[in-house]
Amino acid sequence: MHHLRRSLLWLTFFSIAMGFLESAVVIYLRELYYPDGFRFPLVLMPHKMALTELIREAATLIMLGSIGILAGRNKAQRFSFFIYSFAVWDLFYYVFLKLILDWPESFFTWDILFLIPVPWVGPVIAPCIVSFSMIILTMIIIIAAEKEQHVRVNLSQWLLLIAGAFIIIFSFIWDYLRYMNGRYVIWTPVSEHEMFYEISGYIPQSFNWTLFIGGELLILTSIISIFLSIHKTKQKKLPVAI
């Protein structure tokens, strides 16, 4: 349908622009704190700067969620538009960093992905894989909607998506939790100390690919199941209830 294609086009433009804004902020921060190039351990940041950065991260998620809600006409579309915007934003964030800073050096360069409730770290290729999975799920839902087929994600499919997402998140914080094991240090991003004071010696050592691949397989299983349920409904020529 024309509405869906137009919405997807503008969502793409919006998300690419958001990706550039995100990369611009990071470029400024790296110029200030990592003039010789980004590397671990993380450099201490003033409390005011740290609080601003945390709020900026939250504001970014709110903006991406809001645009998905505004663009979608039902729950399935709103959810798919949100994850699509998130995925495109994340991918182009790295595209612009590569174009402007020639970073990352490779797909396996370590990056800090998120800060709440603890630092998330991992090789750049990992969030890119997740983003591509989000785009695939979105395309399945949007193509079905264009053919006037409503998509119903059943309980088992939702559980697979949620379980996969949590396992992937755990893979991102796994190395940090290993670092914290036995250390009586609490990560407090808005403490009275400078940001990263508590983890000023943390350098990522290894990424738990087993966890990550396991979580990704659960998500892909759910995506395939959703696709097959749509295809099965099409063959029966029956609408799928939301």
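Values in this document were obtained by computation on a predicted structure and should not be read as measured data. (Residues numbered from 1 in each chain as written. Predicted model: local features only at pLDDT ≥ 70, side-chain atom pairs only at ≥ 80, totals over all residues. Heavy atoms only, no water.)

Colleague: Explain the pattern of salt bridges to me, and be specific about the residues and the numbers.
Modeller: A full pass over the atoms with the stated rule returns five salt bridges. For R56, the salt bridge is made with E53, and the minimal N-O distance between the two is 2.5 Å. One end of the pair, R56, and the other, E53, are both in helix α2 (residues 47–71), three residues apart, so they sit about a helical turn from each other. A relative accessible area of 18% means that R56 is categorised as buried. (Salt bridge = Lys/Arg side-chain N within 4 Å of Asp/Glu carboxyl O. Helix = DSSP H or I, 4+ residues; strand = E, 2+ residues; numbered from the N terminus. Buried < 20%, exposed > 50% of the residue type's maximum accessible area, 1.4 Å probe, protein only.)

Colleague: Can you explain unusual backbone geometry? Please cite residues and give values.
Modeller: P41 follows F40 through a cis peptide bond whose omega is 0°. Mapped onto the fold, P41 is located in the loop between α1 (2–33) and α2. Residue W103 is joined to P104 through a cis peptide bond whose omega torsion reads 10°. By secondary structure assignment, the location of P104 is in the loop between α3 (75–101) and β1 (110–114).

Colleague: Account for the pairing of strand β2 (residues 120–123), naming residues and giving values.
Modeller: Where β1 and β2 come together, four bridges link them in antiparallel fashion. Bridge assignment links F114 to a residue of β2, and that residue is W120. Counting the residues between successive antiparallel strands, the hairpin from β1 to β2 contains five residues. (Pairing = 2+ DSSP bridges.)

Colleague: Give a description of the packing of α3 against helix α4 (residues 125–146) that names residues and reports values.
Modeller: When two helices pack together, you describe them by how their axes are tilted relative to each other and by the distance separating the axes. Put simply, α3 and α4 touch, their axes get as near as 8 Å, and they point 145° apart. For the element pair α3 and α4, the recorded crossing hand is left-handed. Each residue belonging to the contact of α3 with α4 can be placed in one class, and the counts come to 20 nonpolar, four polar and one charged. (Axes fitted to C-alpha atoms, helices over the stretch in contact; angles between N-to-C directions. Left-handed = near helix turned anticlockwise from the far one by under 90°. Nonpolar A, V, L, I, M, F, W, Y, C, P; charged D, E, K, R; others polar.)

Colleague: Account for the packing of aromatic side chains, with residues named and values stated.
Modeller: By the definition in use, this model includes 24 aromatic pairs. Here a set of aromatic residues connected by ring pairs shows up, and it is made of Y34, F38, F40, Y93, Y94, W103, Y176, Y179 and Y202. It is R30 that lies over the ring of W103; its NZ or CZ is 4.0 Å from the centre. (Phe/Tyr/Trp six-rings, centres within 6.5 Å; stacked < 30°, edge-to-face > 60°. Lys NZ or Arg CZ within 6 Å of the ring centre and 35° of its normal.)

Colleague: Give me the confidence of the model for the protein chain: which residues, what numbers.
Modeller: Residue-level pLDDT values for the protein chain average 87, and 89% of them are 70 or greater. Per-element confidence in the protein chain is highest for β2, whose mean pLDDT is 95, and lowest for α2, whose mean pLDDT is 87. Segment residues 238–242 is flagged for pLDDT under 50; beyond a separation of four residues in sequence, or across chains, it makes eleven contacts in the model. (pLDDT = per-residue confidence, 0-100. Contact = heavy atoms within 4.5 Å.)

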